[in-house]
Amino acid sequence: MRVRPAPAPIPVDGAERIVIRSDRDILLARQRGRDLGRSIGFVATDLTLIATAISELARNIVLYAREGVIELCVVTEDSRRGLVVVARDHGPGIADINRAMQDGYSTSGGLGLGLPGVKRLMDGFEIQSRSGHGTTVQIAKWIRA
Amino acid sequence: MDVPILKQGPFLIATVQSALTDADLAGMRRLLIEQVGKFRSRGVIVDVTAVDVMDSYACRTLRDISHIAGLRGASTVIVGIHPELAFTMVQLGLSLEGVATALDLEEGLAYLNARTRPTAVRGSAPRNNAGPPRAGTHPRGRR
């Protein structure tokens, strides 16, 4: 499975890319996210929010697409710094994004995609998905001044 | 990474000591449920003080443990959910509905002691007990 490089919407200071294939990779991705976040000055509560959001997105990759990548980028916009996380897969995609963004929606029996929850944890949330072509979720958290 | 499970009298105490993979969480669930039968345990404490992330899967595993152990006659209490974790769970919309929680191990033990006492009281109480009716049914530590 080939993964195309991400278009960088905002200036990137540092980037990391973690291939997600198993539950061990979920752990690795959220630990890397936490480490990177800590290194640029996020407080403990925000680090937990970021790590949890990464965990949910990485698990969606394992559950629905089986393979994908998580990219972590330190970004600067105007005078603020933050962390952008991109979760990308070439899995089945989401047929109805509006429904997937409703609380409680799930296609895997009881366990939701968790996307509305992830959106609440972060400051920025964008999702692109095409049925049969995969899903890209981009989330951002800014360091509180 | 396996979660150590300590047998403490009629209770089992599982102490999560590091970040767990989904497979580790499932392993802990299997082992706890096995040991409830093996040791005829009346209560289970899962100490999550060292847990750094409580996502939907971890939450569901804890709910499963509580419900399955309940079906086998053991009460479960989750202890040590630290403030950041609690805050994140609320934001994410995760709940441990129907699962008992307590601040720490001490409170968790108090909860289980209170909760598992009523049966013993019923079993040993004289028939025409003139004292306060079923004193043991309102456990102190109950949340």
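Data block above holds the structure.
This report concerns the structure included in the present document. (Residues numbered from 1 in each chain as written. Chains lettered and ligands numbered in written order. Predicted model: local features only at pLDDT ≥ 70, side-chain atom pairs only at ≥ 80, totals over all residues.)

Observations concerning the overall build of chain A
Looking only at helices and strands, chain A has four helices and five strands in total. For chain A, the succession of helices and strands along the chain, N to C, is β-α-α-β-β-α-α-β-β. For chain A, with 145 residues in total, the buried portion stands at 43%. Within chain A, residue pairs in contact and separated by at least 24 positions form 64% of the contacts whose partners lie at least 6 positions apart. (Helix = DSSP H or I, 4+ residues; strand = E, 2+ residues; numbered from the N terminus. Buried ≥ 20, exposed ≤ 12 C-beta atoms within 10 Å, placed from the backbone. Contact = placed C-beta atoms within 7 Å.)

Quick notes on the overall build of chain B
Assigned secondary structure in chain B consists of four helices and five strands. The buried share of chain B, taken over its 143 residues, is 39%. Within chain B, contacts between residues separated by at least 24 positions form 74% of all contacts whose residues are at least 6 apart in sequence.

Re helix α3 (residues 83-92) of chain B
In an α-helix there are 3.6 residues to a turn, and that puts residues three or four apart on one side. Turning to α3(B), its buried residues number three or more, namely Glu84(B), Leu85(B), Thr88(B), Met89(B) and Leu92(B). All buried residues of α3(B) fall inside an arc of 130 degrees around its axis, so they share one side. Residues of α3(B) that are exposed and angled more than 90 degrees away from the buried face: Pro83(B) and Val90(B). Buried residues along α3(B) sit in contact with α2 (44-65) and α4 (115-121) of chain A together with α2 (56-71) of chain B. At the exit of α3(B) stands Gly93(B), carrying a positive phi of roughly 85 degrees. (Arc of directions from axis to C-beta.)

Re α2(A)
Residues and elements named next belong to chain A. Helix length check: α2 (22 residues) gives 31 Å between terminal C-alpha atoms against 32 Å at 1.5 Å per residue, within 8%. Buried residues dominate α2, accounting for 17 of its 22 residues. Positive phi shows up at Arg 66, right after α2, with a value of about 70 degrees. (Expected span 1.5 Å × (residues − 1).)

Describing the environment of Lys7(B)
Looking at where Lys7(B) falls in the secondary structure, it is placed in strand β1 (residues 5-8). Leaving out residues up to four positions away in the same chain, Lys7(B) has contacts with Leu12(B) and Phe39(B).

Observations regarding the pairing of strand β2 (residues 68-77) of chain A
All names here are of chain A. For β2, the tally of buried residues reaches seven of 10 residues, placing the bulk of the element in the interior. In terms of strand pairing, β2 meets strand β3 (residues 80-89) through 10 bridges, oriented antiparallel. By the bridge assignment, Val 69 is partnered in β3 with Arg 88. (Pairing = 2+ DSSP bridges.)

Concerning the pairing of strand β4 (residues 124-130) of chain A
Residues and elements named next belong to chain A. Judged from the seven bridges that link them, β4 and strand β5 (residues 134-142) form a sheet pairing that is antiparallel. Bridge pairing in β5 links Ser 129 to Thr 135. Linking β4 to β5, which pair antiparallel, is a turn of three residues; within it Gly 132 sits at a positive phi near 85 degrees.

Examining the interface of chain B and chain A
Counting residues at the interface gives 17 residues for chain B and 21 residues for chain A. By residue number, the principal contributor to the side of chain B that touches chain A is α3(B), which donates six residues. Broken down by class, the residue content of the side of chain B that touches chain A amounts to seven nonpolar, five polar and five charged. (Nonpolar A, V, L, I, M, F, W, Y, C, P; charged D, E, K, R; others polar.)

Topic: the packing of helix α1 (residues 22-38) of chain B against α2(B)
Residues and elements named next belong to chain B. Contact pair α1 / α2: the axes reach a minimum separation of 10 Å and the direction vectors enclose 10 degrees. Judged by the inter-axis angle, α1 sits roughly parallel to α2. Mapping the contact onto sequence places Asp 22, Leu 25, Ala 26, Arg 29, Leu 32, Ile 33 and Val 36 in α1 and Tyr 57, Ala 58, Thr 61, Asp 64, Ile 65, Ile 68 and Ala 69 in α2. (Axes fitted to C-alpha atoms, helices over the stretch in contact; angles between N-to-C directions. Parallel < 35°, antiparallel > 145°, perpendicular 65-115°, else oblique.)

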